[in-house]
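What follows is each chain in one-letter form.
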Amino acid sequence: MPQGIYKPIALLGYTSPVITALVPQVRTNVHPHPHPHKARPSHMATAPLTPPKQDLRSRHFRVEVETVLLVPSGTGATSVAGMLKVSVAGASQNIPCQLHAGENRVRATILVSNVDLWWPVGYGAQPLYSLTATFTPSSALRDDHDHDRPWLAPVSADRQVGFRTVELVTDKYSNQKGSSMFFRINGVPIFAKGANFVPMDSFENRVSDQDMVQLVQDALDANMNVLRVWGGGVYQQDKFYQLCDEKGIMVWQEFMFACAMYPRDEKFLATTAAEVTHQVERLTHHPSIILWSGSNENEAAFDWFGATRTNPRLYVVDYAKLYFDTIRETLLTLDASRPFWPSSPSNGVLEQNPFVGIWGNPYDLTMGDLHYYNYAADCTDVANFPSPRFASEYGYQSFPSFETWRPVTQQGDWHPFSDLMLHRQHHPDGNAQVLAQIQHYFRYNVTDSLQSFKDFLYLSQATQALCVKAQSEHYRRSKGMAANTMGAIYWQLNDIWQAPTWSSLEYGGRWKLLHHYVRHFFAPVLVSAYEQPTDSLQVHITSDVNQALSGALYTRLWSWDGVGALAEWKTAFSLAPLASKPVLSDSISSLISGKCKQRADCFLTFSVVDGSGNEVASNVFYLANIVQSALPKAQISAQVSPGNSSQEAFVQLISDNAAPFVYLDTSYPLKGRFEDNGFLLLPRTPRKITFHATSADGPIDIARFQRELVVRSPGDVY
């Protein structure tokens, strides 16, 4: 956990009035309140469409702005008269003010219309407008009769704001138990695709603006539209929220309370209220923030400790006093324009006024959000996954690459169970669990060699990618099924140091195989398959595109031994906007009959082609785990050539046999990434992969890149 003072400290003295905070709330009369006061019956077979385009600039917004002005005491001033002008989007309000020594809060309400809406990435643009407050003193009453001109100088402050509506919809269903949970932005239901964001370093002062730019870009490049700022970390720096505003990344913002019971004495509650006030005043202008959440897992934590199980009523009172009566009430005085969620996971809220939470099992699948981890079950069997309304945490561990370990290790550390590897593993039995998962899906045994350790690192990432992919695809498909799942936020995006964790980005920014997989399973259009019940293949197409989609699904059967495609089937389909549905159902035995001796000999690929002939999605379905498959060793040729710029290199690959989980790496000390990794290489089918350098250390040395290129597949480990 980050500890200590890591931001600059200064004592500021003022000799004239100053604006210390500018706190806007953007509201609209279209959706007058973002919180559901009473649950309404809801049917969610498919997501409703976006409002017509001609309505996108017809919203009438009101911007409620609280300007905090400080008139320094101890300087002789007892009051200052003047005019406060607050302006945004071509509208303004002038407010005559009589300020007194100390803090003054002045409120303005500005009505605006004909503004462009701010949208999450993938749904529209992210226009931002300047909100400006200017206080112009006209006179100052001083007890020392010194009327210096500086007291009459105008003072200003500005913020960037966006116009959008945000609702957290938790309506009761009339046709099944429970209630929905999804975000509706500007009237459009959004499937939230993203990750949990933890601190980027043990020492926050080492996190640069460029580090933050790269992290947000990595999230965008992986087709994410939301990041959850985890309540066990830090309130992120301003640059993060600015980037999310500009790029369209929604932010689930938690207050920094996690995994524990907290006191409710008056001093603690007072410091909590001060903390909430400071952070909300700092952050509320950001349109990217769509939710305030009270804590991480503190509602679930009632079942963790002996004291809470023995005396639950006492701790429920403590909980309500802190999160409902202090955090929520303080929040509402500053920002009632966004939803408040008590904790994550939680069943949510029954009533807003008076505020009544839904107590009980916070892991109830029929309402609220869910955290779910299962490291023992087979992740390729979807029967092992829950079907929640919203999945806000799930994941599997892996180890970072050897190049990330290299700066902080030595030879004696290069073993999965070395003292260092066990020290950096903060999940009980985590390294043993990772090994067990690897051996469930791949053929691997630990030895003391360096190559064995590198193979362990590679296969841990392949296993993590396989399992998070399977679970994420299940959640995305489920938005078109009975569960109406509308969010998949995996644990976790990034690392705080070099360690075995659940992250998809390594410490320092390298992409694990998982992050490459995220780019595919969070793509706007997804084709995915699963087997349920036994021998029954189900293929779904899922779309987050706000347009109808039609075309053909091509299903191909391949053998591992390099023969090529054994059969192909074409299935026409049509899909409504923002929808998910099954497009193919068949028995696996009938598909492979007469073509494969057994399931382990073959695999399936899927390609979705739209009406214009463009491939918009593709995927693979392994008919048996790799450890069971008749997988011959693949001879993969890799030839490196110059790319389109000095910061690019092309890697041309071809294999005699089909090769799954093809892994590209290099010891070349150059920051950058391959455009894809961990992919399936089809037999005798050339594939060109581009390496993009992100550092400006000069042109890529192609000869050296060729020498230091590493190409691995599971067959190389056997």
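Note that the structure is a prediction, hence the values are computed from the model and not measured.

What counts as what
Residues numbered from 1 in each chain as written. Predicted model: local features only at pLDDT ≥ 70, side-chain atom pairs only at ≥ 80, totals over all residues. Heavy atoms only, no water. 1 Å grid on protein atoms, 1.4 Å probe; cavity = no way out; pocket = protein on both sides within 12 Å on 5 of 7 lines; lining within 4 Å. Points joined across faces, edges and corners; volume = space filled by probe spheres on them. Helix = DSSP H or I, 4+ residues; strand = E, 2+ residues; numbered from the N terminus. Nonpolar A, V, L, I, M, F, W, Y, C, P; charged D, E, K, R; others polar. Buried < 20%, exposed > 50% of the residue type's maximum accessible area, 1.4 Å probe, protein only. Lys, Arg positive; Asp, Glu negative; His and termini not counted. Salt bridge = Lys/Arg side-chain N within 4 Å of Asp/Glu carboxyl O. Contact = heavy atoms within 4.5 Å. Axes fitted to C-alpha atoms, helices over the stretch in contact; angles between N-to-C directions. Left-handed = near helix turned anticlockwise from the far one by under 90°. Pairing = 2+ DSSP bridges. UniProt positions renumbered as here; feature names shortened; annotations may be inferred.

Colleague: Help me understand the layout of surface pockets in this model?
Modeller: To locate leftover empty space, one rolls a probe as large as a water molecule over the atoms. If you add up the space inside the second largest pocket, you get close to 1100 Å³. Considering the residues around the second largest pocket, the lining is formed by 43 residues, among which Tyr507, Gly508, Gly509, Arg510 and Lys671 are closest to the centre. Looking at which element gives the most residues to the lining of the second largest pocket, the answer is helix 1 (residues 209-221), with 5 residues. Here the lining of the second largest pocket is composed, by residue class, of 15 nonpolar, 16 polar and 12 charged.

Colleague: Just checking my understanding: could you explain the side chain of Asp218 for this structure?
Modeller: As for its placement among the helices and strands, Asp218 is situated in helix 1. As a buried residue without a salt bridge, Asp218 has its nearest oppositely charged side chain in Arg673, at a separation of 4.7 Å. Once residues lying within four places of it in the same chain are set aside, the contact partners of Asp218 are Leu505, Gly509, Trp511 and His515.

Colleague: Got a minute to help me understand the packing of helix 1 against helix 2 (residues 238-247) in this structure?
Modeller: Pairs of packed helices are described in terms of their axes, by the angle between the two and the distance that separates them. Where helix 1 contacts helix 2, the two axes come as close as 10 Å, and the packing angle between them is 35°. The handedness of the crossing between helix 1 and helix 2 comes out as right-handed. Residue-level contacts link Asp209, Met212, Val213, Val216, Gln217 and Leu220 of helix 1 to Lys239, Phe240, Leu243 and Lys247 of helix 2. In terms of residue class, the contact of helix 1 with helix 2 is built from 6 nonpolar, 1 polar and 3 charged.

Colleague: What is the right way to read the sheet that holds strand 21 (residues 525-531) from this model?
Modeller: Picture the strands of a sheet paired through backbone hydrogen bonds; they go either parallel or antiparallel. As summarised here, the arrangement of the 3 strands in space is 21-22-25, forming an open sheet in which the pairing is antiparallel. Strand pairing shows two members of the sheet lacking a second neighbour, strand 21 and strand 25 (580-587), which therefore form its edges. The sheet shows a mean angle of 20° between the axes of neighbouring strands, direction not considered. As paired elements, strand 21 and strand 22 (residues 536-543) share 7 bridges and run antiparallel to each other. The residue of strand 22 that forms the bridge with Glu531 is Leu537. Packed on one face of the sheet, helix 9 (residues 450-477) meets strand 21, strand 22 and strand 25 and runs near 105° to strand 21.

Colleague: Can you walk me through the packing of helix 3 (residues 266-283) against helix 5 (residues 312-334) in this structure?
Modeller: Relative to each other, helix 3 and helix 5 sit at 35°, their axes nearing to 9 Å. In this structure, helix 3 crosses over helix 5, and the sense of that crossing is right-handed. Residues Phe268, Leu269, Thr272, Ala273, Val276, Thr277, Val280 and Glu281 of helix 3 form the contact with helix 5, whose own contacting residues are Lys321, Leu322, Thr326, Ile327, Thr330, Leu331 and Leu334. Classifying every residue of the contact of helix 3 with helix 5 gives 9 nonpolar, 4 polar and 2 charged.

Colleague: So what exactly am I meant to see when it comes to empty space enclosed by the protein here?
Modeller: Using the criterion set out here, one finds 4 cavities of 30 Å³ or more in the structure. Put simply, the second largest cavity is a space of about 80 Å³. Along the walls of the second largest cavity sit Pro24, Gln25, Val26, Gly162, Arg164, Thr284, His285, His286, Pro287, Ser337 and Arg338, which together make up its complete lining. For the lining of the second largest cavity, the class distribution of residues is 3 nonpolar, 6 polar and 2 charged.

Colleague: Could you clarify how one ought to interpret the pairing of strand 27 (residues 615-622) in this entry?
Modeller: When a strand is regular, its side chains alternate between the sheet's two faces. Sheet topology note: the strand 26 (residues 602-610)/strand 27 ladder contains 7 bridges and is antiparallel. Bridged to Phe606 within strand 27 is Asn619. Between strand 26 and strand 27, which follow one another and run antiparallel, lie 4 residues, and Gly613 among them has a positive phi close to 85°.

Colleague: What is the right way to look at the UniProt feature "domain: Mannosidase Ig/CBM-like" (unreviewed entry) in the chain in this model?
Modeller: According to UniProt, the feature "domain: Mannosidase Ig/CBM-like" (unreviewed entry) maps to residues 536-624 in the numbering used here. In residues 536-624, the share of helix is 6% and the share of strand is 62%. The end C-alpha atoms are 14 Å apart.

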